[in-house]
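Chain residues, written in single-letter form:
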Amino acid sequence: MKSTPEISDTVILTFCNNKGGVGKTSLAILTVLYALKRNVRTLLIDLDPQGNATRALLPDAVSFEQEGFFGIPQLARLVLDRVPTEDLIRAFRENIVVADGIPFVPNDIRSAIMEKELNSLEAVLFLRKMRGALEDYRLVVVDTPPHLGGFLWSALCASTHVIIPVDLHFFSFWGLRNVLQTIEDARAVNPELKLAGILINRYRKRLRNAHEYLARYEETFGPKLLKNRMPDAAGVEVCIRRRDIRQSYLGKLYERTMRVLQEILERTGVL
Ligand SMILES: Nc1ncnc2c1ncn2[C@@H]1O[C@H](COP(=O)(O)OP(=O)(O)O)[C@@H](O)[C@H]1O
Ligand SMILES: [Mg+2]
């Protein structure tokens, strides 16, 4: 097994935006579904204490939570208890669930309190310490909370790539500067982190002021914008609920969706 990050070919891709509802969770899950379809060894980490990705992949998550600490709450507790790194790596592997062929590390609201207890160094190291286990995969996709706390910081400090999903609304454009600044700050700790791109999500031609905003994004961010835009498609939710990307779920938006997902994997060097 590879021992140093430098020679690892593991891509750790974080979906990040401190605005909620822009599609971080949906795009993270779709990317994982697509990568698995392309036979890429892939893992999803749900770092959001809201546990939306976990609930999507594990509809009976409530009963699962009652069985005791598992997933991110368990790993956060071990970090707070300062267990040695090799124990953390072992625990990480033990806290992976496979549902319908999708390996992921689940999360639930109990990790919210622990996130607040992590000091800044523990936050930086939270995922980095588990890299030995991340390297079992070719692609690790991280879904993050919509606020800049310990978990998002931890994801940025451990990742090789970040994608920022945005929607074409007024506040998204201005909020993006803060997100880019956060990524810049994380680079001081993790110089390996690359911006794989800004992804316009839920694109519709007929969206109010769409052309105006699109022009502004293109002018300001140029090649940082993904060439393909994720269409606004009711089928996205269907794909996630059924854990499969199918033409019959997406209809005429299928090809466009597939092009976005392919571009994500190309920009991160996975394909
Ligand atoms: N491309 C899309 N087309 C249609 N609906 C979408 C799309 N992306 C996200 N959504 C919907 O928007 C809502 C918010 O998405 P979500 O992925 O939870 O965002 P976030 O994780 O950033 O809060 C969800 O109801 C989701 O189904
Ligand atoms: Mg989310």
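Described below are features of the structure shown in this document. (Residues numbered from 1 in each chain as written. Chains lettered and ligands numbered in written order. Predicted model: local features only at pLDDT ≥ 70, side-chain atom pairs only at ≥ 80, totals over all residues. Heavy atoms only, no water.)

## Some details on the overall build of the protein
Reasoning step 1: Looking only at helices and strands, one finds 14 helices and seven strands in the protein.
Reasoning step 2: For the protein, the spread of C-alpha atoms along the three principal axes comes to 55 × 40 × 35 Å.
Reasoning step 3: In the protein, which comprises 271 residues, the share counted as buried stands at 57%.
Reasoning step 4: The contacts of the protein with a sequence gap of at least 6 include a subset with a gap of at least 24, amounting to 80%.
Reasoning step 5: Element-wise, carbon and sulfur atoms account for 51% of the exposed surface of the protein, whose accessible area totals about 12,300 Å².
Reasoning step 6: Once the 37 positive and 32 negative side-chain charges of the protein are each reduced to a mean point, those two points are 7 Å apart. (Helix = DSSP H or I, 4+ residues; strand = E, 2+ residues; numbered from the N terminus. Buried < 20%, exposed > 50% of the residue type's maximum accessible area, 1.4 Å probe, protein only. Contact = heavy atoms within 4.5 Å. Areas by Shrake-Rupley, 256 points an atom, 1.4 Å probe, with all protein chains shown as cover. Lys, Arg positive; Asp, Glu negative; His and termini not counted. Charge placed at Lys NZ, Arg CZ, Asp CG, Glu CD.)

## Some thoughts on the pairing of strand E5 (residues 139-143)
Consecutive side chains of a regular strand alternate in pointing toward one face of the sheet and then the other.
Reasoning step 1: Here E5 lies mainly inside the structure; five of its five residues are buried.
Reasoning step 2: Burial along E5 is two-sided: the face carrying Leu139, Val141 and Asp143 and the face carrying Val140 and Val142 are both buried.
Reasoning step 3: As judged from the five bridges shared by strand E2 (residues 42-46) and E5, these two strands associate in the parallel manner. Within E5, the position partnered with Leu44 by the bridge is Val141. (Pairing = 2+ DSSP bridges.)

## Quick word on unusual backbone geometry
Peptide bonds are, in most cases, trans, and in most cases residues other than glycine have a negative phi.
Reasoning step 1: One non-glycine residue, Arg82, adopts positive backbone phi at about 55°.
Reasoning step 2: For Asp100, which is not a glycine, the phi torsion comes out positive at approximately 50°.
Reasoning step 3: Residue position: Asp100 is located in the loop between strand E3 (97-99) and strand E4 (102-105).
Reasoning step 4: Using a relative accessible area of 61% as the deciding quantity, one classes Asp100 as exposed.

## Some points on a positive patch on the surface
Reasoning step 1: Positive charge collects at one region of the surface, where Lys205, Arg206, Lys252, Arg256 and Arg259 lie side by side.
Reasoning step 2: Note on placement: Lys252 falls in the loop between helix H13 (247-250) and helix H14 (254-267). (Patch = residues over 30% accessible without salt bridge, like charges linked within 9 Å, V, L, I, M, F, W, Y side chains within 5 Å. Salt bridge = Lys/Arg side-chain N within 4 Å of Asp/Glu carboxyl O.)

## Let's talk about the pattern of salt bridges
Pairs may arise between side chains of opposite charge once their charged atoms sit close together.
Reasoning step 1: This model, assessed by the stated rule, comprises 15 salt bridges.
Reasoning step 2: Of the charged contacts, one joins Asp108 and Arg110 as a salt bridge, the two residues approaching to 2.9 Å between their closest N and O atoms.
Reasoning step 3: Note on Asp108: relative accessible area 5%, which makes it buried.
Reasoning step 4: Residue classification places Arg110 among the partly exposed residues on the basis of a relative accessible area of 24%.
Reasoning step 5: Between Glu135 and Arg131 there is a salt bridge, and its shortest N-O distance comes to 4.0 Å. In this pair, the class of Glu135 matches that of Arg131, namely buried.
Reasoning step 6: Among the charged side chains, a salt-bridge network with shared partners connects Lys37, Asp244 and Arg246.

## Here's the deal with the sheet that holds strand E7 (residues 194-200)
Reasoning step 1: If you walk across this open sheet you meet the seven strands as E3-E4-E2-E5-E1-E6-E7, and the pairing is mixed. Edge strands, defined here as strands with exactly one partner in the open sheet, are E3 and E7. Adjacent strand axes in the sheet meet at a mean angle of 25°, parallel and antiparallel pairs treated alike.
Reasoning step 2: The pairing of strand E6 (residues 161-166) with E7 spans six bridges and is parallel. Residue pairing in the sheet places Val166 in a bridge with Ile200 of E7. (Axes fitted to C-alpha atoms, helices over the stretch in contact; angles between N-to-C directions.)

## As for helix H9 (residues 150-158)
Reasoning step 1: Along H9, nine of the nine residues are buried, which leaves the element largely enclosed by surrounding structure.
Reasoning step 2: Residues of H9 that are buried: Gly150, Phe151, Leu152, Trp153, Ser154, Ala155, Leu156, Cys157 and Ala158.

## As for the pairing of strand E1 (residues 11-15)
Reasoning step 1: With respect to burial, E1 is a largely interior element, five of its five residues being buried.
Reasoning step 2: Covered by surrounding structure in E1 are Val11, Leu13 and Phe15 together with Ile12 and Thr14, the residues of both alternating faces.
Reasoning step 3: By the bridge criterion, five bridges tie E1 to E5 in an arrangement that is parallel. Along E5, the bridge assignment pairs Phe15 with Asp143.

## As for the packing of helix H7 (residues 120-128) against H9
Reasoning step 1: One way to put it is that H7 packs onto H9 with a least axis distance of 7 Å and a crossing angle of 55°. In terms of their interaxial angle, H7 and H9 are classed as oblique. For the pair H7 and H9, the crossing hand works out as right-handed. Together, Ala123, Val124, Phe126, Leu127 and Arg128 of H7 and Gly150, Phe151, Trp153, Ser154, Ala155, Cys157 and Ala158 of H9 make up the contact between the two elements.
Reasoning step 2: For the contact of H7 with H9, the residue count by class is nine nonpolar, two polar and one charged. (Parallel < 35°, antiparallel > 145°, perpendicular 65-115°, else oblique. Left-handed = near helix turned anticlockwise from the far one by under 90°. Nonpolar A, V, L, I, M, F, W, Y, C, P; charged D, E, K, R; others polar.)

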